[in-house]
Structure formats: structure tokens, C-alpha cells
Amino acid sequence: MSGSAAVATTVFGLAMVATILIGVLSARGRSKGLAEWSVSSRGLGVMFIWLLMAGETYTSFSFLGTAGWSYSFGAPILYLVAYLTVGFAVAYIVGPALWTYASRHSLISIADIAEFRFRSRPLGILVAVVGTVFLVPYIQVQIQGMGVVVNAMTYGSVDLHVAAVISFVVAEVFILVSGLRGSAWVSALKDVLVILAVVFLAVYIPMHYLGGFSDFMQRMVTEKPEWLTFPGHASGGRNAAWFLSTVVLNAVTITIFPTTVAGYLSAKSPNALRRNALLLPWYQLLLFVPMMVGATALFVLPTLGNPDLALFSLVTDSLPSPVVAVIGVAGALSAIVPMSVFMLSIGTLWGKTVLGGGNGSDPRHPRPDVTHDHDLRTKRLSQAVCVLAGLVALGGSLFYPNTLVQLSVLSYEGLAQLVPVVLLSLFWRRMTARAGISGMLTGLAVMTALWATDNDPWHGVNGGIIALAANLVVTFAVTRLSPGTPAAPRIPAHGRTATAPAGSASPATKGLR
């Protein structure tokens, strides 16, 4: 092992030990119940909510895929900044609405929300299954991203598979012990390193290779104009129609993403979420740095075999090993933090609704007595699901690296089909469980058919938004044809254990009962 590799590997090892310690120690003095593990007992303030949700948006894809797309396609990568920023604007309304509803009825996941809203445990279970199917590929993407980052930062000394196993173990250890609070504390370390790394790269990379930012832009305009306009360079038809439809679809979907909802429900109050929605778009400015680095690689490494390595190829080529190690640790933590939240969210999806006997909203499935022992048993079962989901993703990354990753392309489109039953139903009291299930299955079928027949995008339009449109049409039609439509349930006697503070609900959420 070379001296540079030894330094980078040592820094990486110390960083992983520190990550586990920070995550585990964050649980000291906290309760051991399911609510604390899954949503931090709804006790996180604005700063920790911001760190947690920012950590979910700046993932290993930000270091690898963003630079890679910029290198390969150019302008289409701007959809990433656009949909996240628009999504946070939507979250200004949606976040407090979901927090108010879930807090009043002691709910901790989108599966719980769907079950309680429709008084249908089967629907809640279906939401948990669909959410799991489309979240597991995201875990695998982070595991494989971690492997690529660590392999690059250690100059090939740490094998991809070894790095994948390390990332799984580190994430599982602190998420099982500390839950969502552990992810928030680790995200604090991760965000400090990310901000330092990308601000440094924004100045250093153009200056080192191209003489400065103005020279970089001049060369892009004169030599690579195709990368600066839609549909970009060899992007497969990702034109303005694809851009707009993808931004709309992803901006709506991210507001009910299981990991996003976990962030919502961990907040102290709706006002913390509103402040967070105003702050988070600023964080997305950091995404322009890997885009710029990827574009710089066009001039420095014009024949790069793997575009996803654009950023780390320049970093390892031009910087001393200690700096490479720090940037690599930032990239590694950008995989570990979202990976841990994804695994926790899957465990939470299966917690009360599937494994805990339901929320008592369906008279055919009365809620069991929520004793301390029952709560701990449900938490342990949720943690077991969390481990199982992580093992499935780890196995996929080790033995079938291209199988589940292909499904990650469909993840946003699949989760978008949950929008009517999780979000629209809270505002549309006439909507029925039958309508929600019919619409969801229709949307999933349309989405799968478009993808399987290689028609996504369809005439330049994102296939997911076409599927969501079909979902909404069927949902509306079945609801209108239903003979009787029950209203959303009001607060039952057992649901008053976590009521919203007086005066905390905005006019947009006062109608949610």
C-alpha cells in the first residue's frame, strides 16, 4: 500500500469510528420506545430538522451521479436543483399538514396515515409494501455509491465490496441504537465536511485546471455549447418537456417520500417545518459545484470511461492524500446518512400498521393495548425489518449490482402513485379506500408498462407523471361512482396522546381531522 493510500485509509477508518460513536452517544438519556426511535418523539428543532433533511438530499449521487450527468449530458442535470427547490416550496404547506394530522392521531409513517384515514389496515399494508419495494433500490444505490467513493479516495486500496459491507455495518449500528436522532447527529458532521469540501472544490478545481471560473465558462460556451442547452449532449431526448414533467412529478413526490415524512414527523411543531422549508433551498446551491467539476472533467479527461468518477478522478489527480481523504469522508457520509434513514423508514413503515396490530381505526382489527412491552416488541420487529431491508440491498450490491439499481430509475415514479392515498385524501374527504387502491394499482401498471416497452419518457414526457394522471382519473371516477363515502375519522379517545399544540395549525391544516 502506498503512503497516500495508507493516509487516506487511516483517515477513513477513524471517520467511521467517529461516526458510530456520534450516532450511538446521541441516544443517551432518551426513551427506548418506537416513537423515539422512528421520529425522535417529535422533538427535533429547526436546526436538526434542517441537518436531517439536507442530509437526505445531498447523497453519494451528489458527488458521483451529479458530476457524471454533467459530464455526460450537461443541462438536463439541472432538474435535480429545480425539483428539490420546488419540492421544498410545496413542503411549506404539505409538511405542516401531515405533521398536524399525524400528531393528532399518534401516527409515525405514511402507512399509518393511509390506514387511519381510510380505516383500512389492508390499505395501510399495501402502502407499506409499495413504499418498501421502491425504497430498497435507493439503499442499494447508496451502498454502491459508498463503495465507489471509498475505493477512489483510498486509491484502490479498499475493495468496492469491502467498502459496501463497512457502510452497511456503520449505518445499521447507529440507526438500530439511536434511530432517527442518530442520523440527525451524524448528519451534522457530514454537512460540515460537505460544505467545506464543495466550497474548496468550487474555487480550486477551475483555478487549477483552467485558470479560473471565467475561463471555464468561456471554454464551455465556445467548445461545449451542446452541454449548455436542452436536450443536452446525447441525453436520450431529455428535452424541456421531460425537464418540466420530471420537476413537477418529483417535487410532488418528495413531499410524501417516506424519508421526507420521517423528517416532518420528527419536528417539534409545524412552524419548525415552515422555517425549514425556507432554509433548505439554499442548501441546493451546493449541487452546482459537482456539476461544475463534472463539466471541468470534459476538458481534463475527455475519454473518461466511467462518468460517475469525474469528480473523484480530478480530486485524486490534483490534491494531496489528506485532502483527498477529507473529501472522500464527506462523500462516504453522504451515502451513510441517507442510507440509514432509508432503512429506518422501511422499518417504520412496517411498525404499527403491519407488525404492531394496526392503529385501531378499523373495527375489524381492534387496536391492541399499547403497553410498554407491546411498544418495545413492535420496535424490535421494526428494527428487524430495517436490518432485513439493508441485507437485501447489500446482497444486491454484492451479487447483482445492476438488477436493483435499474429499479431505482422507477423509484420516484412508483412512490408518486402513493400521493392520492397519503396526501390528496387528507383534503378530499369523499375519497374512498377502494378508489385509492384502484388508482394506485392503475398508476403502477401504467408506469411499469411504459418502462417495460421502452416508452419512458413518452414523447418527451416523464412516464411517472402520465401514470399519476391515470391514477388520479381512476381515483376520481371510482369515488364518484361509490354509493357512500365515509368522511375521514376524527380524533378517537386513544389518539389524544400526541395532540398538536394549541394554535399551531395553520388555516391550511385546520380542516384535517
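Here the structure is shown first, and the text comes after it.
Nothing here was measured: the structure is a model prediction, and the numbers come from that model.

K.L.:
Talk me through empty space enclosed by the protein; I want residue IDs and the actual numbers.
P.N.:
Taken as a whole and assessed by the stated rule, the structure comprises three cavities of 30 Å³ or more. What the largest cavity holds in volume is close to 70 Å³. As for the largest cavity, its lining consists of Ser38, Val39, Ile108, Ser109, Ile110, Pro258, Val261, Ala262, Leu344, Ser345, Thr348 and Leu349. Considering every element that reaches the lining of the largest cavity, the biggest residue donor is helix 16 (residues 321-349), with four residues. Counted by class, the lining of the largest cavity contains eight nonpolar, four polar and no charged residues. Empty space within the second largest cavity amounts to approximately 50 Å³. Lining the second largest cavity, in full, are Met53, Phe88, Ala91, Gly95, Tyr264, Leu273, Asn276, Ala277 and Leu280.

K.L.:
Please give an account of a nonpolar patch on the surface that cites residues and values.
P.N.:
A grouping of Leu78, Trp282, Leu285 and Phe288 is seen on the molecular surface, where their side chains present a nonpolar patch of about 440 Å² in accessible area. With respect to the helices, strands and loops of the structure, Trp282 is situated in helix 13 (residues 270-283). Given the relative accessible area of 64%, Trp282 is considered exposed.

K.L.:
A description of the pattern of salt bridges should follow, citing residues and the corresponding values.
P.N.:
What the rule picks out here adds up to two salt bridges. A salt bridge links Asp191 to Lys190, with the shortest nitrogen-to-oxygen separation between them at 3.2 Å. Note that Glu223 is salt-bridged to Arg219, the shortest N-O span being 3.0 Å. Here Glu223 and its partner Arg219 are both found in helix 10 (residues 213-223), four residues apart, which amounts to about one turn of the helix.

K.L.:
Which residues make up the nonpolar core, and what are the values?
P.N.:
Membership of the largest hydrophobic core comes to 149 residues, with the highest contact counts inside it found for Tyr79, Leu98, Val127, Ile139, Tyr264 and Leu418. Those residues in contact with Ile139 that sit more than four places away from it in its chain are Met339, Phe342, Met343, Ile346, Ala389 and Ala393.

K.L.:
Report on the packing of aromatic side chains, specifying residues and quantitative values.
P.N.:
The final tally for this structure, using the stated rule, is 21 aromatic pairs. A centroid spacing of 5.7 Å and a plane angle of 50° characterise the contact between Trp69 and Tyr79, whose relative ring orientation is tilted. Residue Trp69 is found in helix 5 (residues 65-72), and its partner Tyr79 is found in helix 6 (residues 79-104); the two are separated by ten residues along the sequence. Considered together, Trp69 and Tyr79 belong to a single accessibility category, that of buried residues. Among the aromatic residues, those joined into a cluster by ring pairs are Trp69, Phe73, Tyr79, Tyr83, Tyr138, Trp242, Phe257, Phe342 and Tyr412. The cationic tip of Arg117 hangs over the ring face of Phe118; the distance from NZ or CZ to the ring centre is 4.6 Å.

K.L.:
Run through helix 21 (residues 419-427), naming residues and quoting values.
P.N.:
With seven of its nine residues buried, helix 21 lies for the most part within the structure. What helix 21 keeps buried is the set Val419, Pro420, Val421, Val422, Leu423, Ser425 and Leu426.

K.L.:
Explain the side chain of Gln284 to me, using residue names and the numbers behind them.
P.N.:
Among the structural elements, Gln284 can be located in the loop between helix 13 and helix 14 (288-300). Every residue in contact with Gln284, bar those within four places of it in the chain, is listed here: Thr57, Val81, Leu84, Thr85 and Phe88.

K.L.:
Can you lay out helix 5 for me, pointing to particular residues and giving the numbers?
P.N.:
The buried count for helix 5 comes to eight of eight residues, which makes it a mostly enclosed element. Inspection of helix 5 places Gly65, Thr66, Ala67, Gly68, Trp69, Ser70, Tyr71 and Ser72 among the buried residues, and these make up the whole buried set. Contacts from the buried residues of helix 5 go to helix 4 (60-63), helix 6, helix 11 (240-253), helix 14 and helix 15 (310-318). Directly beyond the C-terminal end of helix 5, a positive phi value near 95° is found at Gly74.

Conventions adopted
- Throughout this description, residue numbers start from 1 for each chain and increase along the sequence as written.
- In view of the model being predicted, local features appear only for residues whose pLDDT reaches at least 70, and side-chain atom pairs are presented and counted only at 80 or more, with totals across whole chains, interfaces and linings using the full set of residues.
- To obtain the side-chain values, all non-hydrogen atoms of the structure were used and water was disregarded.
- Using protein atoms alone on a 1 Å grid, points that fit a 1.4 Å probe yet trap it form a cavity, whereas open point sets bounded by protein on both sides within 12 Å along at least five of seven lines form a pocket; residues with an atom within 4 Å of a point count as lining.
- Grid points are joined across faces, edges and corners, and a volume is the space filled by probe spheres set on the points.
- Secondary structure elements follow DSSP: runs of H or I of four or more residues count as helices, runs of E of two or more count as strands, with numbering from the N terminus.
- Each residue gets one of three labels, nonpolar for Ala, Val, Leu, Ile, Met, Phe, Trp, Tyr, Cys and Pro, charged for Asp, Glu, Lys and Arg, and polar for the others, Gly among them.
- Residues enter patches when their relative accessible area tops 30% and they take part in no salt bridge; the joining distance is 9 Å for like charges and 5 Å for the nonpolar side chains Val, Leu, Ile, Met, Phe, Trp and Tyr.
- Per-residue and other accessible areas were derived by the Shrake-Rupley procedure at a 1.4 Å probe size, with only the shown protein chains allowed to occlude residues.
- Salt bridges are identified by distance alone: a Lys or Arg side-chain nitrogen within 4 Å of an Asp or Glu carboxyl oxygen.
- Only protein chains enter the area calculation, which uses a 1.4 Å probe; residues under 20% of their type maximum are buried, those over 50% are exposed, and those in between are partly exposed.
- We call a set of buried residues a nonpolar core when its members are Ala, Val, Leu, Ile, Met, Phe, Trp, Tyr or Cys and they connect through side-chain atoms within 4.5 Å of each other.
- In what follows, residue pairs with any heavy atoms lying within 4.5 Å of each other are defined as contacts.
- Any two of the Phe, Tyr and Trp rings considered here, Trp counted by its six-membered ring, make a pair once their centres fall within 6.5 Å; the pair's planes then place it as stacked at under 30 degrees, edge-to-face at over 60, or tilted in between.
- Geometrically, a charge over a ring is one whose NZ (Lys) or CZ (Arg) sits within 6 Å of the ring centre while staying within 35 degrees of the ring normal.

Everything listed here is a matter of coordinates, which is why it stays silent on function.
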